[in-house]
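As a plain string of letters, each chain reads:
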Amino acid sequence: MNAASDSILVINCGSSSIKFSLVQPQSGEHLLKGLAERLGSEEAGLSWKGKVNGEKTIGAADHKQALLEVVELLRVSGLTPAGVGHRVVHGGEQFSASCLVDEDALAATRATQHLAPLHNPVNLLGIEAAQAAFPELPQVMVFDTSFHQSMPRRAFLYPVPYELYEEHAIRRYGFHGTSHRFVVAKAAEQLGRPLEELALVSAHLGNGCSAAAVLGGKSMDTTMGLTPLEGLVMGTRSGDVDPSLHEHLCNTLNLSLAEVGSLLNKKSGLLGLSGLTNDMRELLEAEEAGNERAAIAVEVFCFRLAKQIASLVVSLGRLDALLFTGGIGENSAQVRARCLKLLPFLGLDLDEVANAVHGRESGGRISHSSSPAALVVATDEELLIARDTAELLT
Ligand code: ADP
């Protein structure tokens, strides 16, 4: 037995990268954290932070070879995980909870592939590579969508012909489920109340942004939909637009559907409005320096955020607390303040002093009122994946 024998290796597999982290599920400690990037190219590299930090080039390694490098890294570090937890983006309607990887689970995940064609195939590739690299370890899948499977039909259905739902699974799924689930549980601890009693809105604001209405620990509604494009303004994604925009742009600018899709996913949001960057911190600095387009981007971001938060309260009937998390939610006192100032009718009154103090390192209440409270809660999706994995192993 070594110190890490009850730890879980968490794997988040992207198209050309693998993020990995060895996490102790009880303490939440990250024993080793790393990134294999530029996979498949000559510049493929591996970097890690732990007791010892390091980096190395790994030739033209693919996902499988990169995971074998991770096995070797763990071996020389004297770390042996008890299992592997994988982030999987889409679980469709098949998965309302995390599950052990077996042939049936893999087949069900493959069947949802058309709903997340950019993500699920690489997530599955990561699982296959991990099975090859760690043949003796049990593997678990944790889905971004599963937390939102509790949404009632009034929230998950689009008002389009019902057959599209029945025959083609066209509905709202929601994403960022691991983060929302993690922060609502932590918020209940911070509030000293059982999660089952609480009506919460959680705002995950990172490069991707989504908010969720969570009643008694169950997701009732969320801003993302069939894909992660719906909802809030994001770094490069537009969030909600008129659904006729596609046709309009195809007709007026002679764009293909794929070009409009790319425009809305990669060239819109904060980047599109500002023409500068998708990075909120840089935008706030540019606004401070007098850049008008940066100011417009931040203004639209905060307005739409507040508007969606207010609409999510409809699902809850009341609000006990509003939670801010993700890179922007945890670090930007300014975005939090600008959002709260648009929501006085919910009874949220900003405590400027607390708002300036609380951040990623010290979450806490940033409103004078205790109900509803506004809280900063640092997310840790890897820890939740590790905890789900450890639980399924027992
Ligand atoms: P990802 O969704 O890729 O995990 P993060 O959750 O790390 O991203 O969030 C990235 C966003 O957080 C960026 O827009 C970044 O500018 C923003 N951010 C990080 N620190 C600050 C800060 N101090 N002030 C404002 N924005 C910040």
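What comes next concerns the included structure. Computed from a predicted structure; not experimentally measured. (Residues numbered from 1 in each chain as written. Predicted model: local features only at pLDDT ≥ 70, side-chain atom pairs only at ≥ 80, totals over all residues. Heavy atoms only, no water.)

### Examining the site of the ligand
Piece 1. Residues in close proximity to the ligand total 13 residues, the closest being Asn207, Asp279, Met280, Arg281 and Gly327.
Piece 2. Contact distances for the ligand include 2.9 Å between an oxygen atom and a backbone N or O atom of Asn207.
Piece 3. Within the side chain of Asp279, an N or O atom sits 2.7 Å from an oxygen atom of the ligand.
Piece 4. Every element with two or more residues in the shell around the ligand is listed here: α10 (280–288) and α12 (326–331).
Piece 5. It is α12 that provides the largest number of residues to the shell around the ligand, a total of four residues.
Piece 6. Looking at the shell around the ligand, its residues break down into three nonpolar, eight polar and two charged. (Near = heavy atom within 4 Å. Polar contact = N/O pair within 3.5 Å; in protein donor to acceptor, adjacent residues only side chain to side chain. Helix = DSSP H or I, 4+ residues; strand = E, 2+ residues; numbered from the N terminus. Nonpolar A, V, L, I, M, F, W, Y, C, P; charged D, E, K, R; others polar.)

### Focus: the pattern of salt bridges
Piece 1. Taken as a whole and judged by the stated rule, the model has 15 salt bridges.
Piece 2. Here Glu93 and Arg171 are joined by a salt bridge, their closest N and O atoms 2.8 Å apart. Note that Glu93 is positioned in the loop between β6 (83–88) and β7 (99–100) and Arg171 in the loop between α5 (162–168) and α6 (177–191), a separation of 78 residues in sequence.
Piece 3. Here Glu330 makes a salt bridge to Arg360, at a shortest N to O gap of 2.4 Å. One end of the pair, Glu330, is in helix α12; the other, Arg360, is in the loop between α14 (352–357) and β13 (364–365), and 30 residues separate them in sequence.
Piece 4. Owing to a relative accessible area of 40%, Arg360 belongs among the partly exposed residues under this scheme.
Piece 5. One network of salt bridges, in which partners are shared, links Arg172, Asp221 and Glu230. (Salt bridge = Lys/Arg side-chain N within 4 Å of Asp/Glu carboxyl O. Buried < 20%, exposed > 50% of the residue type's maximum accessible area, 1.4 Å probe, protein only.)

### Overview of a nonpolar patch on the surface
Piece 1. A grouping of Leu100, Leu392 and Leu393 is seen on the molecular surface, where their side chains present a nonpolar patch of about 200 Å² in accessible area.
Piece 2. Note that Leu392 resides in helix α15 (residues 381–393).
Piece 3. Given the relative accessible area of 32%, Leu392 is considered partly exposed. (Patch = residues over 30% accessible without salt bridge, like charges linked within 9 Å, V, L, I, M, F, W, Y side chains within 5 Å. Areas by Shrake-Rupley, 256 points an atom, 1.4 Å probe, with all protein chains shown as cover.)

### Quick notes on the sheet that holds β7
Piece 1. The strand order across the open sheet built from eight strands is β5-β4-β3-β2-β1-β6-β8-β7, with neighbouring strands paired in mixed fashion. Pairing within the sheet leaves two strands with one partner each, and these edge strands are β5 (54–57) and β7. (Pairing = 2+ DSSP bridges.)

### Examining the pairing of strand β8 (residues 139–143)
Piece 1. Most of β8 is tucked away: five of the five residues are buried.
Piece 2. Residues Gln139, Met141 and Phe143 line one face of β8 and the alternating positions Val140 and Val142 line the opposite face, and both faces are buried.
Piece 3. The sheet contact formed by β7 and β8 spans two bridges and is antiparallel. By the bridge assignment, Cys99 is partnered in β8 with Met141.

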